[in-house]
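Chain residues, written in single-letter form:
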Amino acid sequence: MSRFDLSPPTPAQHDALVAGLSPDERRVLLQHGTEAPFCGVFLDNKREGTYCCRLCGLPLFRSSTKFDSGTGWPSFFAPYDEAHVGRIRDTSHGMIRTEIVCARCGSHLGHVFPDGPPPTHERHCLNSVSLAFTEAAQPLPDPLHRGGAEGGPA
Ligand SMILES: [Zn+2]
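Only a predicted model underlies this, so the values are computations on that prediction, with no experimental measurement involved.

Draft legend 1. Just the side chain of Asp90, in detail. Considering the arrangement of structural elements, one finds Asp90 in strand β5 (residues 85–90). A polar contact of 2.7 Å, which involves the side chain of Asp90, links it to the side chain of Ser92. A polar contact is formed between the side chain of Asp90 and the side chain of His111, at a distance of 2.8 Å. With residues up to four places along the chain from it excluded, the contact list for Asp90 reads Met95, Ile96, Arg97, Glu99 and His111.

Draft legend 2. Fine view of the coordination of the zinc ion. For the zinc ion, every protein donor is listed as Cys53 (SG), Cys56 (SG), Cys102 (SG) and Cys105 (SG), and the spread of their distances is 2.3 Å. Its four donor atoms give the zinc ion angles of 103 to 114° at the centre, a pattern that matches the tetrahedral case. Each donor residue of the zinc ion lies on the same chain, and together they follow the pattern C-x2-C-x45-C-x2-C.

Draft legend 3. Up close: the packing of aromatic side chains. In the structure shown here, the tally under the stated rule is six aromatic pairs. Ring geometry for Phe42 versus Tyr51: centroids 5.6 Å apart, planes at 85°, classification edge-to-face. When its relative accessible area of 0% is taken as the criterion, Tyr51 is described as buried. Look at Tyr51 and Phe133: their rings are 4.8 Å apart centre to centre, the planes differ by 50°, and that puts the pair in the tilted class. You can see Tyr51 sitting in strand β1 (residues 49–53) and its partner Phe133 sitting in strand β9 (residues 131–135), a full 82 residues away along the chain. A relative accessible area of 16% means that Phe133 is categorised as buried. The ring of Tyr80 carries Arg62 above its face, with NZ or CZ at 4.0 Å from the centroid.

Draft legend 4. Focus on the environment of Ser128. As for its placement among the helices and strands, Ser128 is situated in the loop between β8 (123–126) and β9. Residue Ser128 is classed as buried on the basis of its relative accessible area, which comes to 2%. It is 17 Å that separates the C-alpha atoms of Ser128 and Ser64, two residues lying 64 residues apart in sequence. When near neighbours in sequence (up to four residues on either side) are disregarded, Ser128 contacts Glu35, Gly40, Val41, Phe42, Leu43 and Pro74. A polar contact is formed between the side chain of Ser128 and the backbone nitrogen of Val41, at a distance of 3.4 Å. For Ser128, the side chain forms a polar contact with the main-chain nitrogen of Phe42, separated by 3.1 Å.

How each quantity is defined
- Residues numbered from 1 in each chain as written.
- Predicted model: local features only at pLDDT ≥ 70, side-chain atom pairs only at ≥ 80, totals over all residues.
- Heavy atoms only, no water.
- Helix = DSSP H or I, 4+ residues; strand = E, 2+ residues; numbered from the N terminus.
- Polar contact = N/O pair within 3.5 Å; in protein donor to acceptor, adjacent residues only side chain to side chain.
- Contact = heavy atoms within 4.5 Å.
- Donors = N, O, S within 2.8 Å, 3.2 Å for Na, K, Ca; no water.
- Tetrahedral: all angles 85-135°; square planar, octahedral: opposite > 155°, others 65-115°.
- Phe/Tyr/Trp six-rings, centres within 6.5 Å; stacked < 30°, edge-to-face > 60°.
- Buried < 20%, exposed > 50% of the residue type's maximum accessible area, 1.4 Å probe, protein only.
- Lys NZ or Arg CZ within 6 Å of the ring centre and 35° of its normal.

This is the structure we're talking about:
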């Protein structure tokens, strides 16, 4: 069980969060876009901390599961919590892939592939613009003002 409140943002909250996004962020998060490889700001980020949903702030990945996949996108072998990352079958572009989305707000994150390192052998391939990074021991973002367990140290 996640200690986070996974109920989706209200339509009004969603609209307010979307209003704070840049055009690039909207294209990826809301319209399933993909950023160019080797351009994302988090590709070479080696700092310790938590990667959260750019839109709603839900923790999605830990720096301890980040690895260099050589693909040009930040990659993780496991989610922060399985309940935080939703999986959707994606048959666009003539391929069968598994899209990953924020389980709380539905924002597009990237795709997951079965060619990652142990122990999971999964490669969660992320768009940097879908993520917000919080340094270890800093308060997590809480844009929905849920309080409680949220906002505590990562
Ligand atoms: Zn989210």
